[in-house]
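Survey of secondary and tertiary structure
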Amino acid sequence: MGDAEAGSGAEGGESTFTVIVAAGANLGIAVAKAVAGLISGSSAMLSEAAHSVADTVTEVMLLAALKRSGKPADEDHPLGHGPERYIWAMLASIATFVGGAVFSIYDGVHTLVAGEELGDPLVSYLVLGVAFLLEGYSLRTGVKQVRREAARLRVPDTYYLRHTPDTAVKAVVMEDSAALIGLLLAAGGLLGGQLSGSGVWDGIASCLIGLLLVYVAWVLGRTNAQLLIGRPLPPAMRAGVREELLSVPHIVDVLELTTLIQGPTEILIAAKIDFRDMATAAEVEWACEEAEAQLRERFPSIQRVYLDPTPGRAQRLRRPGP
């Protein structure tokens with residue numbers, strides 16, 4: 001239907017479960033990686049430990065975002081708390097950059113310059129194997145949610161993931177995917193060091209993990225920044241909104257249409273409407289009610305509709321001067 005970007009009705013409870021699974025997996029993995037890194041002397045393993053710590057902090061912030069953004073509208077916040085989700089998600093992307101990327105690149109460069117003494121990599125291999133299974137399970141949980149929502153909206157999975165305003169599930173899928181790639185890079189660094197006897201491969205792996213985290217942080221930060229600034233509905237959905245408004249009796253034209261995504265299930269619609277010249281005040285009122293009902297039936301994520309009766313261009317031309 002083309003309305004995946006903001007029509008995503010992802011339930012808050014499902015997103016919360018996805019984030020909790022990811023947080024639990026990352027917390028345990030971070031401790032195991034740190035111990036394995038200290039035993040083996042692998043900078044890539046220590047970088048992966050920093051990666052998992054950053055992911056855990058990210059998920060804690062996402063949980064805070066889900067809880068605070070779900071608060072109902074009140075007198076001080078008449079439009080609700082939906083955008084607060086993106087503030088916390090933005091902070092989470094910064095945590096990924098600072099806590100994971102910067103440390104990984106620094107540790108990798110330090111290893112390349114100063115070298116490192118390689119210890120027994122067996123423990124690291126075992127930890128990497130267990131971590132791969134746990135990260136894979138966490139990723140599976142996020143991907144299942146993405147697939148359900150994409151199927152409900154009849155759009156490809158990749159399109160939904162790219163455009164969804166549910167940045168919590170997007171962050172989990174991206175970070176878990178990066179974690180699996182990082183584990184493979186760390187294993188490659190260990191194997192390269194084991195075969196060559198040099199810590200260069202381990203340092204290179206650490207730098208690559210850092211660059212991977214820079215990319216993830218940049219994508220998530222840009223997505224949340226766009227939503228904080230104010231992202232409209234995609235063109236296909238805006239066309240659908242206009243179509244629904246024009247199908248209502250007594251509505252002649254949509255002179256101006258403003259749409260705003262306030263959250264995964266919170267969309268605001270404001271429009272200047274040209275009503276039929278001979279319509280009575282009561283007919284205009286009922287037309288507004290009918291328009292709101294039709295919009296919410298077609299797009300359940302629409303929470304607020306504001307319609308402003310405005311004279312059309314022809315009426316303005318006919319208006320006598322002062």
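Worth saying up front: this structure is predicted, and the values here are computed from it rather than measured.

Cut-offs and rules
- Residues numbered from 1 in each chain as written.
- Predicted model: local features only at pLDDT ≥ 70, side-chain atom pairs only at ≥ 80, totals over all residues.
- Heavy atoms only, no water.
- UniProt positions renumbered as here; feature names shortened; annotations may be inferred.
- Helix = DSSP H or I, 4+ residues; strand = E, 2+ residues; numbered from the N terminus.
- 1 Å grid on protein atoms, 1.4 Å probe; cavity = no way out; pocket = protein on both sides within 12 Å on 5 of 7 lines; lining within 4 Å.
- Points joined across faces, edges and corners; volume = space filled by probe spheres on them.
- Nonpolar A, V, L, I, M, F, W, Y, C, P; charged D, E, K, R; others polar.
- Expected span 1.5 Å × (residues − 1).
- Bend = angle between axes of the 7 residues up to and from the residue.
- Pairing = 2+ DSSP bridges.
- Axes fitted to C-alpha atoms, helices over the stretch in contact; angles between N-to-C directions.
- Contact = heavy atoms within 4.5 Å.
- Buried < 20%, exposed > 50% of the residue type's maximum accessible area, 1.4 Å probe, protein only.
- Left-handed = near helix turned anticlockwise from the far one by under 90°.
- pLDDT = per-residue confidence, 0-100.

Focus on the UniProt feature "transmembrane region" (unreviewed entry) in the chain
Taking the numbering used here, the UniProt-annotated feature "transmembrane region" (unreviewed entry) corresponds to residues 86-106, 122-139, 178-197 and 203-221. Counting secondary structure, residues 178-197 comes out at 95% helix and 0% strand; the distance between its end C-alpha atoms is 27 Å. Taken end to end, residues 203-221 is 100% helix and 0% strand, and its first and last C-alpha atoms sit 27 Å apart.

With respect to empty space enclosed by the protein
Evaluation of the coordinates by the stated rule reveals 1 cavity of 30 Å³ or more. Volume-wise, the largest cavity comes out at about 40 Å³. Lining the largest cavity are Thr58, Leu62, Ala89, Ala92, Ser93, Thr167, Ala171, Glu175, Leu220 and Asn224. Put simply, the parts of the chain that give the lining of the largest cavity at least two residues each are helix H2 (43-69), helix H3 (84-114), helix H6 (167-196) and helix H7 (200-229). The residue inventory of the lining of the largest cavity, partitioned by class, reads 5 nonpolar, 4 polar and 1 charged.

Some words on H3
The terminal C-alpha atoms of H3 lie 44 Å apart, and with 31 residues this matches the ideal 45 Å at 1.5 Å per residue to within 8%. The largest bend along H3 measures about 25 degrees and falls at Ala101.

With respect to the sheet that holds strand E1 (residues 251-263)
One open sheet holds the 3 strands; their spatial order is E1-E2-E3, and the pairing between them is mixed. Taken across any chain shown, the strands that pair with only one partner, and hence form the sheet edges, are E1 and strand E3 (302-309). Between one strand axis and the next, the sheet turns by 15 degrees as a mean value, whatever way the strands run. Packed onto the sheet, helix H8 (residues 235-246) meets E1, strand E2 (266-275) and E3 and runs at close to 140 degrees relative to E1.

Points about unusual backbone geometry
Phi is positive for His250, close to 80 degrees, though the residue is something other than glycine. Along the chain, His250 falls in the loop between H8 and E1. The partly exposed category is assigned to His250, whose relative accessible area is 25%.

Remarks on the packing of H8 against helix H9 (residues 281-298)
With their axes 9 Å apart at the nearest point, H8 and H9 run at an angle of 145 degrees to one another. Considering the relative orientation of H8 and H9, their crossing is right-handed. Counted together, Gly240, Val241, Glu243, Glu244 and Leu245 of H8 and Ala291, Gln294, Leu295 and Arg298 of H9 form the full contact between these two elements. When the residues that make up the contact of H8 with H9 are grouped by side-chain class, the tally is 4 nonpolar, 2 polar and 3 charged.

Some details on H7
For H7, spanning 30 residues, the distance from its first C-alpha to its last is 43 Å, which sits close to the expected 44 Å at 1.5 Å a residue. Following H7 by one or two positions, Gly230 has its phi on the positive side, about 125 degrees.

Details of the confidence of the model for the chain
When pLDDT is averaged along the chain, the result is 80, and 87% of the positions lie at 70 or above. Of all secondary-structure elements in the chain, the lowest mean pLDDT belongs to helix H10 (residues 313-318), at 67, while H9 reaches the highest, 93. pLDDT under 50 marks residues 1-11. Its contacts with residues more than four places away, or in other chains, come to 55 contacts.

Remarks on the environment of Ala179
As for its placement among the helices and strands, Ala179 is situated in helix H6. For Ala179, a relative accessible area of 1% translates into the label buried. For the pair formed by Ala179 and Leu139, sequence separation is 40 residues and the distance between their alpha carbons is 9.5 Å. Residue contacts for Ala179: discarding those within four places in its chain leaves Glu48, His51, Asp55 and Glu135.

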